[in-house]
Amino acid sequence: MDDVEIIDVDDDNSPREVPLKNPDLSPLSFSAAEFLSLYGWHLLALSLAVFLLIQQLRKRRFDRNQRDSVRQTMQDASLVAKRQEAMEAARRKMQEELDAKAAIFKEKQRQQEEVKGRQKIEEWERMKQGKSSKGNKLSEGTEEAGSSSAALKPKTDKKPLRSDGYSPLMGPGGSCTWRPGRRGPSAGG
């Protein structure tokens, strides 16, 4: 069966051999090959012209973008300069405010130092005269101080939170706790 040949007979009764082919793709491959053989050089020239046109359009777009970016850079330079000037003005204003606050603070500190110095001088003069630092004489101040100190003392009737013998390092059980033996070799020579 493998040696079978198909022979087609035409009107003139001459035998002709017809090879087996896929009838669906044969006209397509024949027409594509025929088209390339007829118009191949034209197709090549057309694709080259399209390629060069695309390159030219890209170059023009790049040049236009570059010119626009130069214009923007010039505008941006002026914008950057304006922003820097505005930032510098804002910094200057903030620094002036800070300096004013610092001057006010220093003035207050100086006034407080003067007041403290005057108070110390007055206390020293009172001490020289025999008065206490609060303005009372020492002899009168001792009797009043004794009664006022008793009134100012807090009550000690409160129960303490911990017992006197409590030590946090000893644990809750006191001194009767288990301890591990010494590390090292056992004694005995």
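About the criteria used
- Residues numbered from 1 in each chain as written.
- Predicted model: local features only at pLDDT ≥ 70, side-chain atom pairs only at ≥ 80, totals over all residues.
- Heavy atoms only, no water.
- Helix = DSSP H or I, 4+ residues; strand = E, 2+ residues; numbered from the N terminus.
- Buried < 20%, exposed > 50% of the residue type's maximum accessible area, 1.4 Å probe, protein only.
- Areas by Shrake-Rupley, 256 points an atom, 1.4 Å probe, with all protein chains shown as cover.
- Salt bridge = Lys/Arg side-chain N within 4 Å of Asp/Glu carboxyl O.
- Phe/Tyr/Trp six-rings, centres within 6.5 Å; stacked < 30°, edge-to-face > 60°.
- Polar contact = N/O pair within 3.5 Å; in protein donor to acceptor, adjacent residues only side chain to side chain.
- pLDDT = per-residue confidence, 0-100.
- Patch = residues over 30% accessible without salt bridge, like charges linked within 9 Å, V, L, I, M, F, W, Y side chains within 5 Å.
- Lys, Arg positive; Asp, Glu negative; His and termini not counted.
- Charge placed at Lys NZ, Arg CZ, Asp CG, Glu CD.

Enquirer: Run through the overall build of the chain, naming residues and quoting values.
Expert: Along the backbone of the chain there are two helices and two strands. In the chain, the order of α-helices and β-strands from amino to carboxyl end is β-β-α-α. Counting all 189 residues of the chain, 1% fall into the buried class. For the chain, the exposed area adds up to about 19100 Å²; of that, 57% sits on carbon and sulfur atoms.

Enquirer: Go over the pattern of salt bridges, please, and point to the residues and values.
Expert: By the definition in use, this model includes four salt bridges. For E114, the salt bridge identified is with R118, shortest N-O distance 3.6 Å. Taken together, the residues E114 and R118, both in helix 1 (residues 26–129) and four residues apart, mark about one turn of the helix. When its relative accessible area of 35% is taken as the criterion, E114 is described as partly exposed. Judged by its relative accessible area of 49%, R118 falls in the partly exposed class. We note a salt bridge from R126 to E122, for which the minimum N-O separation is 3.8 Å. Pair noted here: R126 and E122 are both in helix 1, with a separation of four residues, about one helical turn. In this structure R126 comes out as partly exposed when scored by relative accessible area, which is 27%. Within the structure, one salt-bridge network assembled from shared partners comprises E107, R110, E114 and R118.

Enquirer: Lay out the packing of aromatic side chains with the relevant residues and their values.
Expert: Summed over the entire model, instances satisfying the criterion amount to one aromatic pair. Here the aromatic rings of F35 and Y39 are separated by 5.2 Å at their centres, their planes lie at 50 degrees, and the arrangement is tilted. In this pair, F35 and Y39 both sit in helix 1, four residues apart, roughly one turn of the helix. Among the residues examined, Y39 registers a relative accessible area of 42% and is labelled partly exposed.

Enquirer: Talk me through the environment of S69; I want residue IDs and the actual numbers.
Expert: Examined against the element boundaries, S69 turns out to sit in helix 1. From its side chain, S69 meets the backbone oxygen of Q66 in a polar contact 2.7 Å long.

Enquirer: Go over the confidence of the model for the chain, please, and point to the residues and values.
Expert: Low-confidence regions, as indicated by low pLDDT, have predicted coordinates that should not be scrutinised in detail. For the chain, per-residue confidence averages 78 on the pLDDT scale, and 67% of positions sit at 70 or higher. Confidence, read as mean pLDDT per element, is least for helix 2 (residues 138–152) in the chain (53) and greatest for helix 1 (89).

Enquirer: Got a sec to walk through a positive patch on the surface? Specific residues and values, please.
Expert: Positive charge collects at one region of the surface, where R58, R60, R61, R64 and R67 lie side by side. Along the chain, R64 falls in helix 1. Here R64 falls in the partly exposed class, since its relative accessible area comes to 45%.

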